[in-house]
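Reading the structure
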Amino acid sequence: MSKQIGLLHGMATVLAAAAFVVTWSSGFLVPAIAVDAVSPLTLLVWRFVPLAVVLLVAVAATGAARGVSRADLGRQALIGLFAQFGYCVSVYAAIAAGVATGTTALIDAVQPLIVAVLVGPLLGLRVRGAQWLGLVVGA
């Protein structure tokens, strides 16, 4: 039997969950405060670059990238760029344009439901009952 990696136990799980909530919610609060002083793009650069440095140091220190091809790294980096940076630019630009942070958070929270609804017609995939249940509970 194989062991799943990347799972945290005990207090580490609680701390990781708390850190996730703080960082996720700051993604809506910080731009509401800061977009008056800097552009959304500048704000995102200062949000992502320090994190990227920390993650690169962690990967180098742990050797987590061993066995991963350059092509896979490039592909994942491109997906991350489009998925996170593209998404965040839209959210921050909306907040800078005056859309309430609560409204942007609500629209953002609907994304998994939209994906679940469109994955069948667009990709021919089936969303299982347990997945729908999880989406309903999350909603």
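The present account deals with the structure reproduced in this document. (Residues numbered from 1 in each chain as written. Predicted model: local features only at pLDDT ≥ 70, side-chain atom pairs only at ≥ 80, totals over all residues. Heavy atoms only, no water.)

1. Side note on the overall build of the protein chain
When its secondary structure is counted, the protein chain shows six helices and zero strands. Secondary structure of the protein chain in N-to-C order comes out as α-α-α-α-α-α. The C-alpha radius of gyration of the protein chain comes to 18 Å, more than 25% above the 14 Å expected for a compact globule of 139 residues. Sequence separation of at least 24 residues holds for 62% of the intrachain contacts in the protein chain that already meet a minimum separation of 6. If you sum the accessible surface of the protein chain, you get close to 10,500 Å²; carbon and sulfur atoms cover 74% of it. (Helix = DSSP H or I, 4+ residues; strand = E, 2+ residues; numbered from the N terminus. Rg over C-alpha atoms; globule rule 2.2 N^0.38 Å. Contact = heavy atoms within 4.5 Å. Areas by Shrake-Rupley, 256 points an atom, 1.4 Å probe, with all protein chains shown as cover.)

2. Some remarks on the layout of surface pockets
By volume, the largest pocket is sized at about 1,100 Å³. Contributing to the lining of the largest pocket are 28 residues, with Phe 48, Leu 51, Ala 52, Leu 55 and Gln 84 lying nearest its centre. A total of 11 residues in the lining of the largest pocket trace back to one element, the largest contributor, which is helix H3 (residues 70–96). The residue makeup of the lining of the largest pocket, split by class, is 21 nonpolar, six polar and one charged. Its boundaries defined by the atoms lining it, the second largest pocket holds a volume of some 160 Å³. Those elements that place two or more of their residues in the lining of the second largest pocket are helix H1 (11–34) and helix H2 (40–62). Top contributing element to the lining of the second largest pocket by residue count: H1, with three residues. Here the lining of the second largest pocket is built from residues that sort into four nonpolar, one polar and no charged. (1 Å grid on protein atoms, 1.4 Å probe; cavity = no way out; pocket = protein on both sides within 12 Å on 5 of 7 lines; lining within 4 Å. Points joined across faces, edges and corners; volume = space filled by probe spheres on them. Nonpolar A, V, L, I, M, F, W, Y, C, P; charged D, E, K, R; others polar.)

3. Comments concerning the side chain of Asp 108
Residue position: Asp 108 is located in helix H4 (residues 101–109). Discounting residues that sit within four places of it in the chain, Asp 108 has contacts with Trp 24, Phe 28 and Tyr 87.

4. Some remarks on the nonpolar core
When a protein is soluble and globular, its nonpolar side chains tend to lie buried together. If you look at the biggest cluster of nonpolar residues, it comprises 10 residues: Phe 28, Ala 34, Val 35, Leu 43, Leu 44, Tyr 87, Cys 88, Val 91, Tyr 92 and Ile 95. Elements supplying a minimum of two residues to this core: H1, H2 and H3. If you tally residues by element for this core, the top one is H3, at five residues. (Core = buried A, V, L, I, M, F, W, Y, C linked by side-chain atoms within 4.5 Å. Buried < 20%, exposed > 50% of the residue type's maximum accessible area, 1.4 Å probe, protein only.)

5. Thoughts on the pattern of salt bridges
Applying the stated criterion across every chain, the model contains one salt bridge. Notably, a salt bridge pairs Arg 75 with Asp 72, separated by 2.7 Å at the nearest N-O pair. Of this pair, Arg 75 and Asp 72 are both found in helix H3, three residues apart, which corresponds to roughly one turn of the helix. With a relative accessible area of 35%, Asp 72 lands in the partly exposed category. (Salt bridge = Lys/Arg side-chain N within 4 Å of Asp/Glu carboxyl O.)

6. Focus on H2
Its 23 residues place the ends of H2 33 Å apart at the C-alpha level, agreeing with the 33 Å of an ideal helix rising 1.5 Å per residue. The first or second residue beyond H2 is Gly 63, which carries a positive phi of 70°. (Expected span 1.5 Å × (residues − 1).)

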